[in-house]
Amino acid sequence: MKLNINQLKLIEQFTVRDIQNRYHGTFLGFGWLLVMPLLLLAAFTLVFNGIFNMKWPHAEWDSPLGFALFTFCGLMVHQTFADVVSRAPSLVLTQPSLVTKVVFPLWVLPLSMTLSSLLQLGLNLLIFLLVLAGLNEIFVSWLAMPLLLIPFWLGLSGLALLLSALGFFLRDLNQLMGLLITLMMFLSPVFYPLSAIPPELANWLGLNPLAILMEALRAALIIGEWPSASTHLTLWSWGLGFMLLGTWTFKRLQKGFADVL
């Protein structure tokens with residue numbers, strides 16, 4: 001999939017349009033991009049710090065606030081994944097006017113939608129880092145964040161291409177995605193670390209790319225540990241693998257889109 005200047009401009013335009021449509025007519029408008037992560041972080045801190053008094057099993061963060069931060073770090077990743085997979089199956093299907101335009105590159109829609117979701121994740125991470133900076137927890141390992149997020153974007157983009165293509169022919173995908181999102185919430189270490197579960201089960205859950213990313217982000221952002229070479233290799237393998245699969249599937253199935261409408 002080769003990109004030219006015009007296609008890059010299309011991706012930019014549709015990314016902006018996706019964000020505008022999401023917050024169109026709301027009182028705060030784009031302000032929700034900043035308000036939502038602040039509200040979530042405040043809610044997590046209140047619940048885990050003030051009510052349940054829960055602690056994350058890590059010596060340096062043995063506090064309820066630490067539990068809120070570790071959990072929020074995992075939740076950011078899961079929310080981005082959930083946003084993409086919940087919208088992807090019907091994304092192209094709901095744009096019949098664009099499907100019938102032979103010259104329009106339909107793959108721009110999944111890529112633009114994924115970029116808008118990544119923008120929300122980026123703002124969440126910015127607020128997250130500001131909170132850590134306020135706690136005097138600043139690490140050089142923060143520089144590893146782009147190396148972790150780029151393969152995540154590649155994987156999400158490939159998944160969006162795959163689901164948006166299959167969604168044309170398998171209308172049940174919308175229902176299945178709700179189940180998948182719930183399963184991934186509990187099969188990924190959002191509310192627990194992989195170290196807290198039995199090793200034989202952790203080995204299987206550790207194959208989950210979301211789990212790998214969550215654990216790597218926590219280590220890099222909160223603990224100050226640089227991700228290992230194997231972590232980078234695994235994330236890039238998953239990201240490129242999904243991107244290649246999604247691109248191939250979308251190109252093969254795109255020919256039949258107009259016939260379905």
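Look up: the structure comes first, before these words.
We now turn to the structure provided with this report.

## Let's talk about the overall build of the chain
Reasoning step 1: The helix and strand inventory of the chain stands at 11 helices and zero strands.
Reasoning step 2: The linear arrangement of helices and strands in the chain, starting from the amino end, is α-α-α-α-α-α-α-α-α-α-α.
Reasoning step 3: Partitioning the contacts of the chain with sequence separation of at least 6, the portion at a separation of at least 24 is 77%.

## Structural notes on the nonpolar core
Reasoning step 1: Counting 68 residues, the largest nonpolar core has Leu 106, Phe 128 and Leu 221 as its most contacted members.
Reasoning step 2: Residues within four places of Phe 128 in sequence aside, it is in contact with Leu 69, Phe 72, Cys 73, Met 76, Leu 221 and Ile 222.
Reasoning step 3: In terms of nonpolar packing, the next biggest core, distinct from the first, is built from five residues, Leu 194, Ile 197, Ala 202 and Leu 205 among them.

## Some details on a nonpolar patch on the surface
Reasoning step 1: Residues Val 140, Leu 143, Leu 147 and Trp 226 make up a contiguous nonpolar surface patch of roughly 440 Å² in combined accessible area.
Reasoning step 2: Along the chain, the position of Leu 147 falls in helix H6 (residues 145–166).
Reasoning step 3: By relative accessible area, which is 37% here, Leu 147 ends up partly exposed.

## A word on the environment of Val 35
Reasoning step 1: On the secondary structure map, Val 35 appears in helix H2 (residues 32–51).
Reasoning step 2: Overall, Val 35 belongs to the partly exposed group, its relative accessible area being 26%.
Reasoning step 3: For the pair Val 35 and Asn 124, spaced 89 residues apart in sequence, the C-alpha separation works out to 9.7 Å.

## Here's the deal with the pattern of salt bridges
Reasoning step 1: Taken as a whole and judged by the stated rule, the model has three salt bridges.
Reasoning step 2: With its nearest N and O atoms 2.9 Å apart, the salt bridge here joins Asp 18 to Arg 87. Taken as a pair, Asp 18 in helix H1 (residues 5–23) and Arg 87 in helix H3 (residues 64–87) lie far apart in primary sequence, 69 residues in all.
Reasoning step 3: For Arg 87, a relative accessible area of 23% gives the class partly exposed.
Reasoning step 4: Across the pair Arg 218 and Glu 215 runs a salt bridge whose closest N-O atoms are separated by 3.3 Å. Within this pair, Arg 218 and its partner Glu 215 are both found in helix H9 (residues 209–223), separated by three residues, close to a single helical turn.
Reasoning step 5: Classification of Glu 215 as partly exposed rests on a relative accessible area of 25%.

## Observations regarding the environment of Leu 98
Reasoning step 1: With respect to the helices, strands and loops of the structure, Leu 98 is situated in helix H4 (residues 96–99).
Reasoning step 2: Relative accessible area serves as the criterion here: at 10%, Leu 98 is assigned to the buried category.
Reasoning step 3: Separated by 11 residues in sequence, Leu 98 and Leu 109 have C-alpha atoms that sit 9.9 Å apart.
Reasoning step 4: Leaving out residues up to four positions away in the same chain, Leu 98 has contacts with Phe 14, Phe 104, Leu 106 and Leu 109.

## Describing unusual backbone geometry
Reasoning step 1: Positive phi is not limited to glycine here, since Asn 136 has a value of about 60°.
Reasoning step 2: With respect to the helices, strands and loops of the structure, Asn 136 is situated in the loop between helix H5 (108–134) and H6.
Reasoning step 3: Under the relative-accessibility criterion, Asn 136 is labelled exposed at 68%.

## As for helix H7 (residues 173–187)
Reasoning step 1: Over its 15 residues, H7 extends 20 Å from the first C-alpha to the last, a length consistent with the 21 Å expected when each residue adds 1.5 Å.
Reasoning step 2: Of the residues making up H7, those classed as buried are Leu 173, Met 177, Ile 181, Met 184 and Met 185. Buried residues in H7, looked at end-on, bunch into an arc of 125°, giving them a common side. Facing away from the buried side of H7 by over 90 degrees, the exposed positions are Gln 175 and Phe 186.

What counts, and where the lines are drawn
- Residues numbered from 1 in each chain as written.
- Predicted model: local features only at pLDDT ≥ 70, side-chain atom pairs only at ≥ 80, totals over all residues.
- Heavy atoms only, no water.
- Helix = DSSP H or I, 4+ residues; strand = E, 2+ residues; numbered from the N terminus.
- Contact = heavy atoms within 4.5 Å.
- Core = buried A, V, L, I, M, F, W, Y, C linked by side-chain atoms within 4.5 Å.
- Buried < 20%, exposed > 50% of the residue type's maximum accessible area, 1.4 Å probe, protein only.
- Patch = residues over 30% accessible without salt bridge, like charges linked within 9 Å, V, L, I, M, F, W, Y side chains within 5 Å.
- Areas by Shrake-Rupley, 256 points an atom, 1.4 Å probe, with all protein chains shown as cover.
- Salt bridge = Lys/Arg side-chain N within 4 Å of Asp/Glu carboxyl O.
- Expected span 1.5 Å × (residues − 1).
- Arc of directions from axis to C-beta.

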